[in-house]
Amino acid sequence: ASSWGAAEVPVGDTSVVCFDYTLDGTLCEELVKRVPAHIYMLVSDENVFALYGEQFITKFKATGKTLFHMVLPSGETTKDRRIKEQVEDYMLKNKMNRDTCCIALGGGVIGDLTGYIASTFMRGVPFVQLPTTLLSMVDASVGGKTAVNTRYGKNLIGCFHQPTVVFMDMSFLDGFSKRDPVRAEREFKAGIAEIIKTGAIWDASLFEVCEQRVEDIQSREHTVLNEIVRRSVAIKAEVVSLDPKEMGLRGILNWGHTIGHAVEGLMGMTDYADGLLHGECVAIGMVLECNLARAMGVLHSSAVGRVVRCIEAYKLPTKIPPHLRIDDIMKKMMGDKKNIGGKLKCVIIDRIGHCYEPKASSVDAELVRMVCSPNITPVPMGPLSGTVRVPGSKSVSNRVL
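Throughout what follows, the structure given in this document is the object of discussion. Within every chain, residues take consecutive numbers counted from 1 along the sequence as written. Confidence filtering applies because this is a predicted model: local features only for residues at pLDDT of at least 70, side-chain atom pairs given and counted only at 80 or more, and all residues used for totals across whole chains, interfaces and linings. Note that the side-chain values use all heavy atoms of the structure and ignore hydrogens as well as water.

1. Some remarks on the overall build of the protein chain
Each helix corresponds to a stretch of at least 4 residues labelled H or I by DSSP, and each strand to a stretch of at least 2 residues labelled E; elements are numbered beginning at the N terminus. When helices and strands are tallied, the protein chain shows 16 helices and 13 strands. Taken over C-alpha atoms, the radius of gyration comes to 22 Å for the protein chain, in line with the 21 Å a tight globule of 401 residues would show. For the protein chain, the C-alpha atoms occupy an extent of roughly 85 × 45 × 40 Å along the three principal directions. Once local pairs closer than 6 in sequence are excluded, the contacts in the protein chain between residues at least 24 apart make up 75%. All accessibility values rest on the Shrake-Rupley procedure with a 1.4 Å probe; residue burial counts only the protein chains present in the view. Roughly 18000 Å² of accessible area belongs to the protein chain as shown, and the carbon and sulfur atoms make up 52% of that amount. Counting rule for charge: Lys and Arg are taken as positive, Asp and Glu as negative, and neither His nor the chain ends is counted. Just so you know, the charge point we use is NZ for Lys, CZ for Arg, CG for Asp and CD for Glu. Across the protein chain, the mean location of the 47 positive side-chain charges is 5 Å away from that of the 46 negative side-chain charges. Note that the radius of gyration is over C-alpha atoms, with the globule rule given as 2.2 Å times the number of residues to the power 0.38. In this description, contact between two residues means that some pair of their heavy atoms is separated by no more than 4.5 Å.

What follows is the structure, given as structure tokens:
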């Protein structure tokens, strides 16, 4: 990850992340130069398009290239097979073929969906990522994972399809702050959760920056924000380059996701105010998976405390929402993609900046249940009555209770 200060970061042999181009500047010109195509298909969501859509179209027209666009509803429910079909039908109706390039302008939902469309349209066309949220910049846009969700879980239908170019325009983060500061702050902190994750699994010094410069990061001080984004992207690029199809090492990027995805799948994002963002669920997962590592005897309590305090410093959630049932959480986890042969897999860290194994580890499902259970509040489903007989000793009685 020593190349984090570079203007361009390669991701394997087929993808590159570029930091020095902006929508206000020459981004569109550079896009058509790097990815020549006859037709360009822009996919965005309502919130992002309202901020940047017209500006992108105006800038793109100056290149002289043909551009079509489709604006989708905002939110996780857009990452759906039916929406994918609607976009594909639009592309076919407008006679697009293999000389088409798809452009994803948005967060992780739009990036994942557009990448999956590009991977299957005419058996595969190139696509470009323009991530507009911190979370999508440091996570979803880099590495070529594309997918849609199903009622059985997140990201279960998809494939690996690397974006030809990812353009990191940090100024995208400013637009949401002005239009919807509450939403923008939540999404920003959700992105910070993924950066904390990256430091905890790979680079202790990156974790320390997140730990020690909370005020600077939360105030979006340009120098430190630019540093942690570039460092996080460089680390993910390095891991993906070593293991592009997630046969082992790349699995460590899923730390916090085994429990986090289960919570996210049960919470949903249909109602933004009551749901949880991906990064918020990962924050919960990181805390509980730290507790799991401690219960396994591989992570010291002091490291658990550092992770919890760092996450809490950004006012991210650390506990499973009380209305979720442990049986439902375990059922979701048992359907996780990382599982092999019915065995639950989970990334385990053994110290800050290092993983216990260079892959997801097999873990005891009952131990996971125990770790998750203290965060669940029992809710009586009806009138309770009866007598509980306990021994006379108060200390024994307390243990029984």
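2. With respect to unusual backbone geometry
For Lys95, which is not glycine, the phi dihedral falls at a positive 60°. By the secondary structure assignment, Lys95 is in the loop between α3 (81–93) and β5 (100–106). Not every positive phi belongs to a glycine, and Arg220 is a case in point at roughly 60°. Turning to its location among the elements, Arg220 is positioned in the loop between α9 (214–218) and α10 (222–242).

3. Here's the deal with the environment of Asp20
With respect to the element layout, Asp20 can be found in the loop between β2 (15–18) and α1 (27–34). Between the alpha carbons of Asp20 and Arg81 there is a distance of 34 Å; along the sequence they are 61 residues apart. Not counting the four nearest positions on each side in its chain, Asp20 is found in contact with Ala7 and Arg230.

4. What to know about the pairing of strand β4 (residues 66–72)
Here, strands pair whenever DSSP counts at least two bridges between them. Where strand β3 (residues 39–45) and β4 come together, 7 bridges link them in parallel fashion. Each bridged residue has a counterpart across the sheet, and for Asp45 the counterpart in β4 is Leu72. Note on handedness: a crossover is taken as right-handed if, strands pointing away from the viewer, the path from the first strand over the helix to the second is clockwise. Each parallel crossover has a hand, and for β3 linked through helix α2 (residues 46–61) to β4 it is right-handed.

5. Remarks on the sheet that holds β3
Spatially, the 7 strands line up as an open sheet ordered β1-β2-β9-β6-β5-β3-β4, and their pairing is mixed. Bordering the open sheet on either side are β1 (8–11) and β4, each of which pairs with just one other strand. Looking at each pair of strands side by side, their axes are set apart by 20° on average, direction ignored. Looking at chain direction, β2 and strand β9 (residues 165–167) are connected through 3 bridges and run parallel. Residue pairing for β9: Val16 is matched across the bridge by Val165. To obtain an axis, a line is fitted to C-alpha atoms, over the contacting stretch when the element is a helix, and the angle between two such axes runs from 0 to 180 degrees between their N-to-C directions. Set on the sheet, helix α4 (residues 108–120) makes contact with β3, β4, β5 and β6 (127–131); between it and β5 the angle comes to about 170°.

6. So, α10
What a helix is expected to span follows from its residue count: subtract one and scale by 1.5 Å. Taking 1.5 Å as the rise per residue, α10 with 21 residues should run 30 Å; its terminal C-alpha atoms sit 30 Å apart, in good agreement. Exposed residues in this analysis have more than 50% of their type's maximum accessible area, buried residues have under 20%, and partly exposed residues fall in between, with area computed by a 1.4 Å probe over protein chains only. Of all 21 residues in α10, 16 are buried, a share of seventy percent or more.

7. Here we look at the pairing of β5
Each regular strand shows side chains that alternate between the opposite faces of the sheet. Burial runs high along β5: 7 of the 7 residues are buried. The side-chain alternation of β5 yields two buried faces, one formed by Thr100, Cys102, Ala104 and Gly106 and the other by Cys101, Ile103 and Leu105. Where β3 lies against β5, 6 bridges are found, and the strand directions are parallel. Pairing of Ile39 across the sheet is with Thr100, part of β5. Here β5 runs beside β6; their pairing, made up of 5 bridges, is parallel. Among the inter-strand pairings, Ile103 is bridged to a residue of β6, identified as Val128.

8. With respect to the packing of aromatic side chains
Under the pairing criterion, centres of Phe, Tyr and Trp rings, with the six-membered ring standing for Trp, must be within 6.5 Å; the plane angle then separates stacked pairs below 30 degrees from edge-to-face pairs above 60, leaving the rest tilted. Applying the stated criterion to the full structure yields 5 aromatic pairs. Taken together, a centroid distance of 5.1 Å and an interplanar angle of 65° make the contact between Tyr40 and Phe60 edge-to-face. Here the residue Tyr40 occupies a position in strand β3, and Phe60 occupies one in helix α2, the gap between them amounting to 20 residues. The burial state of Tyr40 is the same as that of Phe60; both residues are buried. For the ring pair Phe68 and Tyr90, a centre distance of 6.4 Å and an interplane angle of 75° mean the geometry is edge-to-face. With a gap of 22 residues between them, Phe68 in strand β4 and Tyr90 in helix α3 connect regions that are remote in the sequence. Among the residues examined, Phe68 registers a relative accessible area of 22% and is labelled partly exposed. What makes Tyr90 partly exposed here is its relative accessible area of 25%.

9. Examining α3
In a regular helix each residue adds 1.5 Å, so 13 residues correspond to 18 Å; α3 covers 18 Å between its end C-alpha atoms and thus fits that length. Those residues of α3 lying buried are Ile83, Lys84, Val87, Glu88 and Met91. Buried residues along α3 cover an arc of 135° about the axis, so they all sit on one side. For α3, the exposed residues lying more than 90 degrees away from the buried face are Arg82 and Lys93. Looking at the packing, one finds that the buried side of α3 touches β3, β4, β5 and α4. The first or second residue beyond α3 is Lys95, which carries a positive phi of 60°. In this context, the arc is that of the directions from the helix axis out to the C-beta atoms.

Function cannot be read off these values alone, since they describe shape.
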